[in-house]
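Residue strings, one per chain:
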Amino acid sequence: MLMTFDNACELHKIKAIYPTSRLVLRLLPPDESNSTIKLGNKFGASSKAACKLLETAKDLDLNIVGVSFHVGSGNHEPSSYYAAVVLAKEIFDHAQKIGFNLNLLDIGGGYPGLWDEMKDFEKIVAGLRQGLMENFPPSSNVKIIAEPGRYLVSSACNIALTVISKCIDYKEREFPGGLDIQAGVPECNKHFTYYLNDGVRGSFMDCLLLEDSHVTPTITNPERYADEPQYNSTLCGPSCEARDVLHPSLKLPELDEDERLWFKNMGAYTIPFYSGYGGAKRQRKFYVMENKYWLVLFSL
Ligand SMILES: Cc1ncc(COP(=O)(O)O)c(C=O)c1O
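Residues numbered from 1 in each chain as written. Predicted model: local features only at pLDDT ≥ 70, side-chain atom pairs only at ≥ 80, totals over all residues. Heavy atoms only, no water.

Observations regarding the nonpolar core
Nonpolar side chains in soluble globular proteins tend to end up buried together. The test is simple: Nine residue types can take part in a nonpolar core, namely buried Ala, Val, Leu, Ile, Met, Phe, Trp, Tyr and Cys, and a core is a set of them joined through side-chain atoms within 4.5 Å. Any residue under 20% of the maximum accessible area for its type is buried, any over 50% is exposed, and the rest in between are partly exposed; the area is computed with a 1.4 Å probe on protein chains only. The helix and strand labels rest on DSSP assignments: H or I over at least four residues marks a helix, E over at least two residues marks a strand, and numbering proceeds from the N terminus. Note on contacts: a residue pair qualifies if any of its non-hydrogen atoms lie within 4.5 Å across the two residues.
Grouped together as the largest cluster of nonpolar side chains are 38 residues, with contacts concentrated most on Leu25, Ile91 and Leu105. Elements that contribute at least two residues to this core include exactly α1 (8-17), β2 (22-27), α2 (47-59), β3 (63-69), α3 (78-97) and α4 (118-135). Here this core gets 8 residues from one element, more than from any other, and that element is α3. Ignoring any residue separated from it by four or fewer positions in sequence, one finds Ile91 in contact with Leu25, Leu27, Ser47, Ala50, Cys51, Leu54 and Val67.

Quick word on the environment of Ser213
You can see Ser213 is positioned in the loop between α6 (205-209) and β8 (218-219). Measuring from C-alpha to C-alpha, the distance between Ser213 and Thr36 comes to 9.3 Å, with 177 residues separating the pair along the chain. When near neighbours in sequence (up to four residues on either side) are disregarded, Ser213 contacts Asp206, Cys207 and Leu246.

Observations regarding the sheet that holds β3
Put simply, the rule is: Pairing between two strands requires that DSSP report at least two bridges joining them. Throughout, an axis means a line fitted to C-alpha atoms (over the contacting stretch in the case of helices), and angles, computed between N-to-C directions, take values from 0 to 180 degrees.
Strand order in the open sheet formed by 5 strands is β1-β2-β3-β4-β5, and the pairing between neighbours is parallel. Pairing within the sheet leaves two strands with one partner each, and these edge strands are β1 (2-5) and β5 (143-145). Adjacent strand axes in the sheet meet at a mean angle of 30 degrees when their direction is disregarded. The pairing of β2 with β3 spans 6 bridges and is classified as parallel. Its bridge partner being in β3, Leu23 is matched across the sheet by Ile64. Most of the contacts of α1 go to β1, to which it runs at about 150 degrees, and overall it touches β1 and β2. Across the sheet, α2 lies against β1, β2 and β3, angled at about 165 degrees from β2, the strand it touches most.

Comments concerning the domain arrangement of the protein chain
Size of an interface: often given as the accessible area lost when the parts come together. Here is the rule we go by: Annotation comment: domain bounds sourced from an automatic or database domain assignment. Summed over both partners, buried area is the accessible surface (1.4 Å probe) that two parts give up on being assembled. Each salt bridge in this description consists of a side-chain nitrogen of Lys or Arg and a carboxyl oxygen of Asp or Glu lying within 4 Å of one another. Counted as a polar contact is a pair of N or O atoms within 3.5 Å, where, for protein atoms, one must be capable of donating a hydrogen and the other of accepting one, and residues adjacent in sequence contribute only when both atoms are in side chains.
What the domain assignment reports for the protein chain is domain 1 (2-153) and domain 2 (157-279). Here domain 1 and domain 2 have C-alpha centroids that lie 40 Å from each other. Summed over both partners, the interface of domain 1 with domain 2 comes to about 520 Å²; 66% of that surface belongs to carbon and sulfur atoms. The interface formed by domain 1 and domain 2 holds 0 salt bridges in total. Where domain 1 packs against domain 2, one counts 0 residue pairs in polar contact (both at pLDDT 80 or more).

Section: the layout of surface pockets
Here is the rule: Here a cavity denotes grid points, spaced 1 Å and computed from the protein atoms alone, that fit a 1.4 Å probe unable to get out, and a pocket denotes an open set having protein on both sides within 12 Å along at least 5 of 7 lines; residues with an atom within 4 Å of a point are the lining. Grid points are joined across faces, edges and corners, and a volume is the space filled by probe spheres set on the points.
For the largest pocket, the calculated volume is near 970 Å³. Taken together, 24 residues line the largest pocket, and the ones lying closest to its centre are Cys157, Asn158, Arg284, Lys285 and Phe286. Elements that contribute at least two residues to the lining of the largest pocket include exactly β6 (159-170) and β11 (260-263). Ranked by the residues each element gives to the lining of the largest pocket, the list is headed by β6, at 3 residues.

Printed below as a string of C-alpha cells:
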C-alpha cells in the first residue's frame, strides 16, 4: 500500500504499525500564492525538512518510493507547478545519495477545471511537461501520477435554487436626514434580500470559508425580466446564521418568490460539505446527459 507522510511522528507511527508500507514524501511546494486553497498551510515538508525526513526514514529502515506535491487548489500559475517539479527532482537526488531508489512522482491536484479556464490549464500543462522532460524524462523510469479534483468535476454539476422568501429594504444610511417614505424613495435606493433554499451550511460552504468567493447565479427565465430595472440585491441561505450569505451585493431584477436561480460549475467542493445545520435539506440530484452520448453509453 502507498502512504503519504510529511513529518517524523508519522514515520515513527508507520514504523510501529506498518513498517513494510511504500511511502511517498509530501513536499511543501515552493509557491502556492496563486491558489484559492493553500494546502501548504497544513501539509508538506519544506526542502530542508524533507532531506532530514529521508535520513530519519533511512535510519528506521522504511521504504520510501516517491515524492508528492500539491501546489494549492485552483492554482493558475504555471511557474508554481514547474518549481514544484524542480524541487521534487532535488529531493529525488538527495534520496539517491543516501541509498533510496525513488520511482514515483505524484504531481497532485490544483488544476483549474472550468471551460473558460482551459487556456490557463494548457499553459500549466505546457510548463509541467517541460519540467518533467527536463527532470524526469521517460528514461528515468519514474512513474508520474496526479490527483486532479476540481479539474475533473467543477463543470460537471450545476445547482438550481429557489427563492423561498424575499425582503425589500431601503438603505437608510443613504438618507442621513431620515427616510421620508411618503415622498417616495428613489428606485436606485431599493435593495432586495432573497432567501434561497441552500446556503453556506449546505453546498455553498466556500462562500463562508473563502474571502471573495461569491457565487453569481443566472436566472432560469431571463426573458421574463428582460426589460426590468436592476436593483442591488443580497443572496442569503435559509439558515438562522448571519454569515449564511452567498453574495452580499449584486445587481438583479426584482425576482418573484419561487423564482429559480442557476449556479453553474458547482461540481467541486460543494455538495459533500452539506452539514444539515439549521434544518437544511440535502440537495436532490438529477443526472442529465445528451441523448447522443446516452445512446453510446447505453450500447456498451
Ligand atoms: C491530497 C489531495 N490531492 C488532491 C486534491 C484535489 O485538489 P484539486 O481539487 O485542487 O485538484 C486534494 C484536495 O484537497 C488533496 O488534498
